[in-house]
Amino acid sequence: MKIGLLGLGTVGTGVFEIIQKRKQSLQKLYGQPLEITKILVKDKNKKRDLQGVKGLLTTDPYEILNDPSIDLIIEVIGGLEKAYQYIKYALQNEKHVVTANKAVVSLHMKELLDLAQKNQKAFLFEASVGGGIPLLKPLRQCSLLNNFYEVKGIVNGTSNFILTKMTEEGLDFHEALKIAQDLGYAEADPTDDIKGADVARKLAILSSLAFHRDITLGDVLYRSIKHVDREDIHYLKDKGYSVKYFGKALTNGEKVSAVVEPVLFQRITQFEKVKDSFNMVSVKGDNLEELRFYGEGAGKNASANAIVCDVIDIFTGAYKKDFVVLKEQKPKISSQLLQGKYLIRIVLKDSLNSCSFLKLADENEISLQRIEKPSPKRRIFITEKVSAEKIKKFIQDLKHLEFSFFVARIEKE
Ligand code: NDP
Ligand code: HSE
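Residues numbered from 1 in each chain as written. Chains lettered and ligands numbered in written order. Predicted model: local features only at pLDDT ≥ 70, side-chain atom pairs only at ≥ 80, totals over all residues. Heavy atoms only, no water.

Caption draft 1: Focus on the sheet that holds strand S4 (residues 72-75). Here we have 6 strands laid out as an open sheet, ordered S3-S2-S1-S4-S5-S6, and parallel in their pairing. Strand pairing shows two members of the sheet lacking a second neighbour, strand S3 (57-58) and strand S6 (123-124), which therefore form its edges. Set on the sheet, helix H4 (residues 81-92) makes contact with strand S1 (2-6), strand S2 (35-40), S4, strand S5 (96-99) and S6; between it and S5 the angle comes to about 155°. (Pairing = 2+ DSSP bridges. Helix = DSSP H or I, 4+ residues; strand = E, 2+ residues; numbered from the N terminus. Contact = heavy atoms within 4.5 Å. Axes fitted to C-alpha atoms, helices over the stretch in contact; angles between N-to-C directions.)

Caption draft 2: A look at the pairing of strand S9 (residues 241-251). Within S9, 10 of the 11 residues are buried, leaving the element largely enclosed by the surrounding structure. Bridge analysis of strand S7 (residues 150-154) against S9 gives 4 bridges, and the strand direction is antiparallel. The partner of Lys152 across the bridge, within S9, is Lys248. Taken together, S9 and the strand that follows it, strand S10 (residues 255-266), pair antiparallel across an intervening segment of 3 residues, in which Gly253 is found at a positive phi of about 95°. (Buried < 20%, exposed > 50% of the residue type's maximum accessible area, 1.4 Å probe, protein only.)

Caption draft 3: Spatial organisation of the packing of helix H7 (residues 157-169) against helix H8 (residues 173-182). Where H7 meets H8, the closest approach of the two axes is 9 Å, and the angle between their N-to-C directions is 130°. The orientation of H7 with respect to H8, classified from their angle, is oblique. As for the relative orientation of H7 and H8, their crossing is right-handed in sense. Along the contact surface, H7 presents Thr158, Phe161, Ile162, Lys165 and Met166, while H8 presents Phe173, Ala176, Leu177, Ile179 and Ala180. Split into classes, the residues belonging to the contact of H7 with H8 amount to 8 nonpolar, 1 polar and 1 charged. (Parallel < 35°, antiparallel > 145°, perpendicular 65-115°, else oblique. Left-handed = near helix turned anticlockwise from the far one by under 90°. Nonpolar A, V, L, I, M, F, W, Y, C, P; charged D, E, K, R; others polar.)

Caption draft 4: Structural detail: the site of ligand 1. What surrounds ligand 1 is a group of 24 residues, the closest being Leu8, Lys46, Arg48, Glu187 and Gly299. Backbone polar atom of Leu8 to an oxygen atom of ligand 1: 2.8 Å apart, as the coordinates give it. The fraction of the free accessible surface of ligand 1 (900 Å²) that becomes covered by protein chains is 83%. Grouping the constituent residues of the shell around ligand 1 by class yields 9 nonpolar, 8 polar and 7 charged. (Near = heavy atom within 4 Å. Polar contact = N/O pair within 3.5 Å; in protein donor to acceptor, adjacent residues only side chain to side chain. Areas by Shrake-Rupley, 256 points an atom, 1.4 Å probe, with all protein chains shown as cover.)

Caption draft 5: Main features of the nonpolar core. Counting 73 residues, the largest nonpolar core has Phe123, Phe125, Leu206 and Val243 as the members making the most contacts within it. With 9 residues, the single largest contributor to this core is helix H10 (residues 197-211). Membership of the second largest hydrophobic core comes to 33 residues, among which are Leu34, Leu72, Val76 and Val98. (Core = buried A, V, L, I, M, F, W, Y, C linked by side-chain atoms within 4.5 Å.)

The following block contains the structure:
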């Protein structure tokens, strides 16, 4: 099997190294060699610490996509437009495709799966969610036997790494982000990791596969993690809680709610124990009451491992056994299915006291249970149970009040 590799950055380098390292054992196991014969990069003259790639590099994608000797394309250039264009072209050209690209999959999964099925080729994207965790393959398999009604988890390594370093080492947000970038966890534009687009994309992919519905990025409600500060982390730690950046999707068969927001977990819970770049995903269904997946969620080797697993499933034909077809009709999207108690922290300004905040809560029909004053200017409120939909509207209104604030749902697990 001849492979065209699109991209030789963090993940592409890992894929090249694993395939080189395992070349002989894979050939022995499967009777045929796996070989990367061409590699697309942006800059051919860039210094690369990698042996054996020099003669394989090209900056022309169509030299790879039109090469009749290439059976399989691995797309790891990232971004949206070009990656989508190349993946679609490859499938139309009857090549198998493996990608780690959540941006493309979370917008075009149905179209690309349908195209792959029409051309009897594979379109696999295990590395797009949960890094190295074998997650999407078992989810696809189990979703054929179960009616899943909930999928949730910590699925962004960068933000989890930042929150861990803030909680355990007292680093500030930007110091921790810089380390995550140096370790290769962050997206090219880390805004996606922090403002929620990355988690939202992964939640769209997970819920589409779990519920067999066409759920795309635009169907997910998401809020940034960046408003949490060191004082919040310190205060919550004292109370026995940690902050996690969390995605949760629910369905009642007709409607789907998919929400990404900061969530508080008590120290005794499994989700609280997910540290650094690790991820954990839980699914609930009718046969399997709950199933959890845990492992390294980002980084070169873990993600490359997931890609090579997809390649092997194509090599052996195993991918044909659990092909998921998404329902034609889009589900109704409503964030009302997701409800919970929320913690709201505000910082008062000289000219503003908490009266205007309380009035706004009242206007939004948000009942507040408890008020604490961890410092002269900070106030903490806990709401009664309320829907994510209502909280979204309340936060929109709150932005006009010029308080700095942080809002997180309290999750029991
Ligand atoms: P990098 O930025 O490290 O690497 C991108 C590679 O693609 C580089 O080799 C670059 O070339 C090449 N490239 C980018 N744009 C073009 C283009 N237009 N034409 C030709 N070549 C191009 O990205 P990552 O490896 O970190 O991520 C790749 C994908 O994998 C993304 O979709 C990401 O979301 C996903 N992913 C990343 C994970 C991680 O931990 N990093 C984990 C799971 C998924 P050059 O080398 O010349 O600059
Ligand atoms: N930037 C992503 C993360 C990479 O931090 O989780 C893995 O998808």
